[in-house]
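The residues making up each chain are set out below.
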Amino acid sequence: MKKYLYLLLAVSILASCKKNNSTDIQPVDVNVKLAYNLQASNYQLPLTAIKVKVTNIDTKIAQNFTVNDKGTLIVPQLAPGFYDIDASATISAADYSALTGTLVTKDVTYNASVKKKQITVNFSETVALNLVTGTTGDWVIKQVYFAGSDRVNGALYRDQFIEFYNNSDKVLYADSLYFAETVGLVTKTSAATYNVTASSQYDWSKSVNMPANIDANNDYIYARAFLMIPGTGKQYPVKPGTSIVVAQTAINHKSPYTGVDGKAISVLNADLTIDLSKADFEAYYAPLLSKPLASDIDNPSVPNLEVLQYFGTDMIFDNPGRYSYALIKVDGTQKPKDWPQYNLPTKATPSSTSTKYYQIPNKWVIDAVEVQPNEVADRIPKKYDASLDAGFTFVPLGSYTSQSIIRKTEKSVNGRVILKDTNNSTEDFDYFNLANPRGFK
């Protein structure tokens, strides 16, 4: 009997030791400090208007918080892991005009974010978010179909398109709207090749011949594809609440067609792709190439884009979602075709034939959408700051899935749909399981 008692006592002590020596992962309280970036302004904006959203990247569980009048917030009991922290505040036009003395007719939105923030055991840092305002304009990027459809049964990348929307209450003209697919660092093994910033993005200030008296990283974006909608000025009117669709190739991709090489091009499953024969504009790269794609046929009833800069053999968007999209509108003082171009900021001196990328001033960007890969492990450093897009969006199933990103409907006024536009694509965008030109979500 004593042997059994001693054995039980030994087991009990051993279990107790194991429990006491185990590494219990305890949740932590995280302090967040919020402020508006008002520079030298002599007015204050209400800190209590700021809303904060904290999202666990792995579980996708989001928590929403309000901020006190001191601009502080304690996010309680966060389990160690990686989190997206987004802050936003919308000040009504009336309140903003009264507070600042600047008359505005639209609500003003401020944003800030920290993406993929690691919260560790005994985390004690105060997370600081400095909210900035950006442009919310009449034109918005409504839908981007970059994923493409199934490589075997669908149309691969041939059915890609981008859609722009008149979010105002007046007729706008698409003439001389520019848009760009913008570049940024898309790999994680770049330390030996590129000059990068503290945020692990390209350090464009180190590009060859970059002027020293400009902020090359914060005041500009860089394009690998730069295209313009043509027109005489008022040739292409777009009514309020309607959009224009810009196709890679403006045909019905559900039906067989004959390529420029005389061979038939078809899909095995027409339900996986879309009809773009009614697109408003198309990209046509064949005249620019010595060996164009057989699939890049010219629809004579659809106007072609003007191509200032191109990448590859057609307007082929990056299927994994590693590049992003910007809509640009300039005034008569600007000639975008003459804007400077620069090499990537490689540590080695680039060759004379290395590709150069248009440098686009942020001040002319009227809308921007940051896109990321669907898998968290594949996410890359942000290209846009909060003044252009505080967040990012993606298609949940990734490449070649027929999914597109689509801007959410905010409200309808007398039958006109107004799309959500807060300069935070995380909040502004949803997705279609099958891309739907001119559709709404």
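Residues numbered from 1 in each chain as written. Predicted model: local features only at pLDDT ≥ 70, side-chain atom pairs only at ≥ 80, totals over all residues. Heavy atoms only, no water.

A. Structural view of the overall build of the protein. Counting secondary structure elements, the protein contains three helices and 26 strands. A principal-axis box enclosing the C-alpha atoms of the protein has dimensions of 95 × 60 × 55 Å. Across the 441 residues in the protein, those meeting the buried criterion constitute 48%. The long-range share in the protein, meaning contacts at least 24 apart out of those at least 6 apart in sequence, stands at 71%. Total accessible area on the protein stands at roughly 21500 Å², and carbon and sulfur atoms take up 52% of it. For the protein, the distance from the average position of its 43 positive side-chain charges to the average position of its 42 negative side-chain charges is 5 Å. (Helix = DSSP H or I, 4+ residues; strand = E, 2+ residues; numbered from the N terminus. Buried < 20%, exposed > 50% of the residue type's maximum accessible area, 1.4 Å probe, protein only. Contact = heavy atoms within 4.5 Å. Areas by Shrake-Rupley, 256 points an atom, 1.4 Å probe, with all protein chains shown as cover. Lys, Arg positive; Asp, Glu negative; His and termini not counted. Charge placed at Lys NZ, Arg CZ, Asp CG, Glu CD.)

B. Focus on the packing of aromatic side chains. Scanning the entire structure with this criterion turns up 15 aromatic pairs. Between Phe 392 and Phe 394 the ring centres are 6.5 Å apart and the planes differ by 40 degrees, which places this aromatic pair in the tilted class. The exposure class assigned to Phe 392 is buried, which follows from its relative accessible area of 8%. An aromatic cluster of three or more residues is present, and its members are Tyr 194, Tyr 202, Trp 204, Tyr 222 and Tyr 357. (Phe/Tyr/Trp six-rings, centres within 6.5 Å; stacked < 30°, edge-to-face > 60°.)

C. Up close: the pairing of strand β9 (residues 161–166). Across the six residues of β9, six count as buried, placing the element largely inside the fold. Residues of β9 alternate between two faces, with Phe 161, Glu 163 and Tyr 165 on one and Ile 162, Phe 164 and Asn 166 on the opposite face, all of them buried. Bridge count for strand β8 (residues 139–145) against β9 is six bridges, and the pairing is antiparallel. Bridged to Tyr 145 within β9 is Phe 161. (Pairing = 2+ DSSP bridges.)

D. Region of interest: the side chain of Asn 374. Its location among the elements puts Asn 374 in the loop between β22 (365–369) and β23 (404–407). A distance of 3.1 Å separates a polar atom in the side chain of Asn 374 from the backbone oxygen of Pro 396. (Polar contact = N/O pair within 3.5 Å; in protein donor to acceptor, adjacent residues only side chain to side chain.)

E. Structural detail: the sheet that holds strand β17 (residues 281–282). Pairing within the open sheet is mixed, and its six strands lie in the order β17-β14-β9-β8-β23-β26. The open sheet has two edge strands with one neighbour each: β17 and β26 (429–432). Looking at chain direction, β8 and β23 are connected through two bridges and run antiparallel. Paired with Val 144 across the two strands is Ile 405, which belongs to β23.

F. Local environment of the sheet that holds strand β5 (residues 81–91). Strand order in this open sheet of seven strands is β3-β2-β5-β6-β7-β1-β4, and the pairing throughout is mixed. Of all strands in the sheet, those with a lone pairing partner are β3 (62–66) and β4 (72–78), marking the two edges. Each adjacent strand pair in this sheet contributes to an overall mean axis angle of 20 degrees, direction not counted. With ten bridges joining them, β5 and strand β6 (residues 108–119) adopt antiparallel strand pairing. Of the residues in β6, the one forming a bridge with Asp 86 is Ser 113. (Axes fitted to C-alpha atoms, helices over the stretch in contact; angles between N-to-C directions.)

G. Representation of helix α2 (residues 93–100) within the structure. Three or more residues of α2 are buried, namely Ala 93, Tyr 96, Ser 97 and Thr 100. Each buried residue of α2 sits inside an arc of 100 degrees when the element is viewed along its axis, so together they form one side. Facing away from the buried side of α2 by over 90 degrees, the exposed positions are Ala 94 and Ala 98. Where α2 is buried, its residues touch β5 and β6. Just beyond α2, the residue with positive phi is Gly 101, at close to 80 degrees. (Arc of directions from axis to C-beta.)

H. Local environment of the side chain of Asp 159. Locating Asp 159 in the fold gives a position in the loop between β8 and β9. In this structure Asp 159 is buried but unpaired, with Arg 158 as the nearest side chain of opposite charge at 7.2 Å. A polar contact of 2.9 Å, which involves the side chain of Asp 159, links it to the side chain of Ser 149. Excluding anything up to four places from it in sequence, Asp 159 contacts Tyr 145, Gly 148, Ser 149, His 253, Leu 272, Thr 273, Ile 274 and Leu 276. (Salt bridge = Lys/Arg side-chain N within 4 Å of Asp/Glu carboxyl O.)

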